[in-house]
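Chain and residue survey
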Amino acid sequence: PWLEIYQTAESDYVRPISFGHVHDLKIEIDLDRLQRHVAAWRERTGAFPDRLERLVEEGLLPALPTDPRQRPYKYDPATGRVTCSTPFTLKRGA
């Protein structure tokens, strides 16, 4: 619904707020999805993938998502942690 609100908002107040929700939700959904696939890889192989592209190469993902600014997500193969360099627009937990 936030994307629809953003696309149809006529209010200068509503438009940036709805954009913030769409922006932040994309990051949260992408990070959760990537993290789940990294965990599945580790469960299957006993180690974290050496790079996120392995998830695509092995058919777990059709393509790697990019953040709202079209930048790749960051990945630490030592910990299996996926992060985003683009900051959240809205206050987290608010």
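Residues numbered from 1 in each chain as written. Predicted model: local features only at pLDDT ≥ 70, side-chain atom pairs only at ≥ 80, totals over all residues. Heavy atoms only, no water.

1. Concerning a nonpolar patch on the surface
Residues Ile5, Tyr13 and Val14 make up a contiguous nonpolar surface patch of roughly 280 Å² in combined accessible area. Tracing the backbone through its elements, the reader meets Val14 in helix α2 (residues 14–45). (Patch = residues over 30% accessible without salt bridge, like charges linked within 9 Å, V, L, I, M, F, W, Y side chains within 5 Å. Areas by Shrake-Rupley, 256 points an atom, 1.4 Å probe, with all protein chains shown as cover. Salt bridge = Lys/Arg side-chain N within 4 Å of Asp/Glu carboxyl O. Helix = DSSP H or I, 4+ residues; strand = E, 2+ residues; numbered from the N terminus.)

2. Regarding the pattern of salt bridges
For the structure on display, the rule yields six salt bridges. Across the pair Arg51 and Glu57 runs a salt bridge, and its minimum N-O distance is 2.9 Å. Assessed through its relative accessible area of 31%, Arg51 is described here as partly exposed. Close ionic contact of Glu57 with Arg54 constitutes a salt bridge, the shortest N to O distance being 2.9 Å. Taken together, the residues Glu57 and Arg54, both in helix α3 (residues 53–57) and three residues apart, mark about one turn of the helix. (Buried < 20%, exposed > 50% of the residue type's maximum accessible area, 1.4 Å probe, protein only.)

3. A short note on the nonpolar core
Grouped together as the largest cluster of nonpolar side chains are 11 residues: Ile27, Leu31, Leu34, Val38, Trp41, Leu52, Leu55, Leu61, Tyr73, Tyr75 and Val82. Considering each element in turn, this core owes the most residues, five residues, to α2. (Core = buried A, V, L, I, M, F, W, Y, C linked by side-chain atoms within 4.5 Å.)

4. Notes on the confidence of the model for the chain
For the chain, the mean per-residue pLDDT works out to 89, and 94% of the residues sit at or above 70. Across the chain, the secondary-structure element scoring lowest on mean pLDDT is helix α1 (residues 2–8), at 75, and the one scoring highest is strand β1 (residues 74–76), at 98. (pLDDT = per-residue confidence, 0-100.)

5. Details of α2
The terminal C-alpha atoms of α2 lie 46 Å apart, and with 32 residues this matches the ideal 46 Å at 1.5 Å per residue to within 8%. Along α2, the positions that sit buried rather than exposed are Ser18, Gly20, His23, Asp24, Ile27, Asp30, Leu31, Leu34, His37, Val38 and Trp41. Positive phi appears at Gly46, one or two residues downstream of α2, with a value of about 90°. (Expected span 1.5 Å × (residues − 1).)

6. Overview of the packing of aromatic side chains
Enumeration over the complete set of coordinates arrives at zero aromatic pairs. The ring of Trp41 has Arg44 lying over it, and the distance from NZ or CZ to the ring centre is 5.4 Å. (Phe/Tyr/Trp six-rings, centres within 6.5 Å; stacked < 30°, edge-to-face > 60°. Lys NZ or Arg CZ within 6 Å of the ring centre and 35° of its normal.)

7. Here we look at the side chain of Thr86
Positionally, Thr86 belongs in the segment after β2 (81–83). For Thr86, a relative accessible area of 2% corresponds to the buried category. A distance of 2.4 Å separates the side chain of Thr86 from the side chain of Asp67, its partner in a polar contact. Among the polar contacts listed, one links the side chain of Thr86 to the side chain of Arg71, at a separation of 3.4 Å. For Thr86, the contacting residues outside a window of four places in its chain are His23, Ile27, Asp67, Arg69 and Arg71. (Polar contact = N/O pair within 3.5 Å; in protein donor to acceptor, adjacent residues only side chain to side chain. Contact = heavy atoms within 4.5 Å.)

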